[in-house]
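A closer look at the structure
Listed here are the chains, written in short residue letters.
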Amino acid sequence: MGKILGREPARTTADPSADGLTSAGLSRRSFVGYVLGGTTLMVAADLAAGATTPAQALPIPSLPQVAELYDLNDFLTHCALPTSNLIGISIDEQGDAHFAVPRMEVGQGITTAMAMIIAEELDLPIERVHVTLAPARPELLFNQLTGGSNTMISMYTPVRVAAAVTRKALLDAAAISLGALVDSLVVKAGVVLAPGGGEATFGELSSQAATGETRKVEVSLADKPKGRVVGTRQRRVDALDAVTGRKKFAMDLDVADALPTMVCRAPDLNGRPKSIRNRAEVAAMPGVTHVAIVPTGVAVRAATFGQCIEAVRALDVEWFGGTVAGKSSDDILSELRGAELPLVVPPLGAATVEGDFVFHFRSGSALEPNCAIADVRDGEATIWGGLKSPIDAQSKVAKAIGLPQEKVTVNVITGGGSFGRKLFSDGAIEAAHCSKAFGAPVKLMWHRADEPRQGRVHPMSTSRVRATVLLGSILSFEQRHTCVSTDFTHGLGERLTAEVAALPGGLGNLTFSESIFTLTQEIPYNFGVVTQLLNETNNDVGRFNTSSVRNIYSPEVRCANELVIDQLAAYLDEDPVAFRLRHAKADVVKRVLQRAAELGEWGKKMPAGTAQGIAIHKEYKGASAVIVEIDCRPETVNRKVREAVTGPRVTKATVVVDVGLAVNPLGVEAQMMGGFMDGMAQALTYSNHLEDGHFVEASWDNSAYTRQWNVPFEFRCEVLDSDATLPGGAGEAGVAASMAAVACAYARATGTMPKEFPINFRDPLHFTPKTLAPPVPPAPTDGLDFAR
């Protein structure tokens, strides 16, 4: 439990139930683009009032941290700039616009947002803008990585420039065709209108605007779009296809001769196959066409996935041991404790407020199981899959199967979620191995049980926080975050940095980890001397299969911080919101915090056993604030729902976010809702247990992710209007503050500050673990019994 230590015995504790806790880019506007040679047009391009508080000392200013001056999104955007002129918009003969975005759509809505930006600049109806996903393009270098909530930040201006160049080329062609001055022309819904009544469609002008040579074009952009499309609430362009089953994911593709394929995996984490004892018997099973050992297990190809499951269950395999044989969660926690860096600021007569927290492993799997299609034959390979680092995937597939990179084609397919999982090309590499072993195309899909047991997980970590307080002022605020290595061997999405990150001994990966931590983490308060340090253990990255799961380090770091900040407010006898407002550095933080407290009715009276909690987070060129109400009364905690994990119930959630220029506010709201569900689960229920060298959970139900019976009865999100002229990131912006707010509310409702997350981790397992051999359960036959 967090504690307050000081020289005065009478002030040695800060109980969360004490009074005051329980009730209550680019800046220039002139740009250069290119009109590319071709036959059709193609271009590149005040709440504290009434609160009883003691006389308040002025906050001691803190020096800016690195992330306040130059953050991860600055870095990713600058990496992408040199090849921004290699992206292009084309106009077809019907006058529709086409754009292949060098990013991956995983449900975050970037294809809709890109279509909106292009429609705005071209004065074209959004339904006539067609955004697809670009295949791996090695020439883009660092400009084909989807991550860090960076897509809108890094792509917004280049796409606007490309669209503006397109519009200029069309208008120049129209001026010649219609015999009018360019400045006199008006564009409406893809038609150029001249003063005398003449008109020409984009389709008619496309071939005239095309040029046989590449030429330099200068265009100007307004500080902000007109707002005809950008900034309006737009439903996703793929929504209808998604809800009617017409949307195509990797497993929906009809690739000739690609048959269902699955892999039998080891009981131990990262165990490897030694031999198959019954290969002939399994090969003779109905529908089975191939059985072979691959690096990750024993692959089976069959006519149906059901037949693959039965074959996997029938396999008798001898295995090599795994990478953490015999280890448990507590063993890994002991290793982390041994690697913790010291807190160094001496008390010097001041009181110290401290917190020590543990965050357990959790699965990083998405709704769509890990999957890919591969055809490796005749010295070439073609891959289809949901890949957020397709250039890196191309390189790794080539290396795995012994082909030159230029002989591997990687097609990026829309994914059903990612949360960092699809930064890694595990499925594509495995599919390539299978196809090469069989000499036939494969449609590889992981079983749901494979994901939490052998897939990518968020690393286990500890986070220790100490603040010193003297005469009402916060003198220092230290944080030491220690975790199992986060795998960054995808680099910046291309081969060079991926190879550096994968250097032996883990030093390359550690460099990435430290850099990303430094570029993302900040304490957004004036707390005197502020330090945040990361130490990662097990730098042989392959020991655990980790990934930068949604929001990377921020949920745990912010959760630990905000819990201690509530303690500081209690120690100084201040209202938690007033305390945060008084110490907040940035105006954007104050804005979201004040609005959240207003909308969420902060300070209202709550029944015993219930409470409000509030937290903020600043990242991705914006800020978010979350206020929740939680019910921890026994009758709620012990409620019964069939085959469900219940526990404390968040009954109301209010999220306020400033993401800069919100291209699609409706899309931002959807991201905040999803981020809240993630954060709430991480605080209350969602985890993986490591026992005897393997993870016990084998499904989302086992891991206890947020389900309908746990979601708030009331959820509200408000996207603040912003003076910013550029968008910030939204995909991960809601997670950290949500987790922290739920944790703070739990502490206030129960009078006990949680120190281990999720809070139910030490409870008895709510499920009977599935078998390790066979590694997957039988195919279900009673699905209709649960549909009534």
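Let us look at the structure shown here. What you see is a predicted model; the values in this text were computed from it and never measured.

What counts, and at which threshold
- Residues numbered from 1 in each chain as written.
- Predicted model: local features only at pLDDT ≥ 70, side-chain atom pairs only at ≥ 80, totals over all residues.
- Heavy atoms only, no water.
- Helix = DSSP H or I, 4+ residues; strand = E, 2+ residues; numbered from the N terminus.
- Expected span 1.5 Å × (residues − 1).
- Buried < 20%, exposed > 50% of the residue type's maximum accessible area, 1.4 Å probe, protein only.
- Phe/Tyr/Trp six-rings, centres within 6.5 Å; stacked < 30°, edge-to-face > 60°.
- Pairing = 2+ DSSP bridges.
- Axes fitted to C-alpha atoms, helices over the stretch in contact; angles between N-to-C directions.
- Contact = heavy atoms within 4.5 Å.

Section: helix α15 (residues 554-571)
Taking 1.5 Å of rise per residue, 18 residues should cover 26 Å, and α15 covers 25 Å from first to last C-alpha, within 8% of that figure. Most of α15 sits inside the fold, with 18 of its 18 residues counted as buried. At the exit of α15 stands D573, carrying a positive phi of roughly 55°.

Structural notes on the packing of aromatic side chains
Each aromatic ring pair is specified by the distance between its two centres and by the angle formed by the two planes. Going through the model one piece at a time under the given rule, you end up with 11 aromatic pairs. Measuring from ring centre to ring centre gives 5.2 Å for Y686 and Y705, while their planes differ by 80°; the resulting arrangement is edge-to-face. Separated by 19 residues along the polypeptide, Y686 in the loop between α19 (665-684) and β29 (690-691) and Y705 in the loop between α20 (700-703) and β31 (714-719) bring together distant segments of the chain. On the basis of relative accessibility, which here comes to 6%, the residue Y686 falls in the buried class. Every member of this aromatic cluster is reached through a ring pair, and the members are F477, Y525, F527 and F579.

A closer look at the sheet that holds strand β8 (residues 191-193)
Pairing within the open sheet is antiparallel, and its three strands lie in the order β7-β8-β9. In this open sheet, the two strands that pair with only one neighbour each are β7 (186-188) and β9 (199-201). For this sheet the average axis-to-axis angle between neighbouring strands, irrespective of direction, equals 25°. Most of the contacts of helix α5 (residues 202-209) go to β9, to which it runs at about 80°, and overall it touches β7, β8 and β9.

Here we look at the pairing of strand β23 (residues 461-470)
Along β23, nine of the 10 residues are buried, which leaves the element largely enclosed by surrounding structure. Two strands pair when backbone bridges link them, and strand β16 (residues 351-359) and β23 are joined in this way by nine bridges, in the antiparallel orientation. The partner of V353 across the bridge, within β23, is A467. Strand direction decides the pairing type here: β23 and strand β24 (residues 473-484), joined by 10 bridges, are antiparallel. Note that in β24 the partner of S461 across the bridge is C483. Taking the residues that link successive antiparallel strands as the turn, the β23-β24 hairpin has two residues, and the phi of L471 there is positive, at about 55°.

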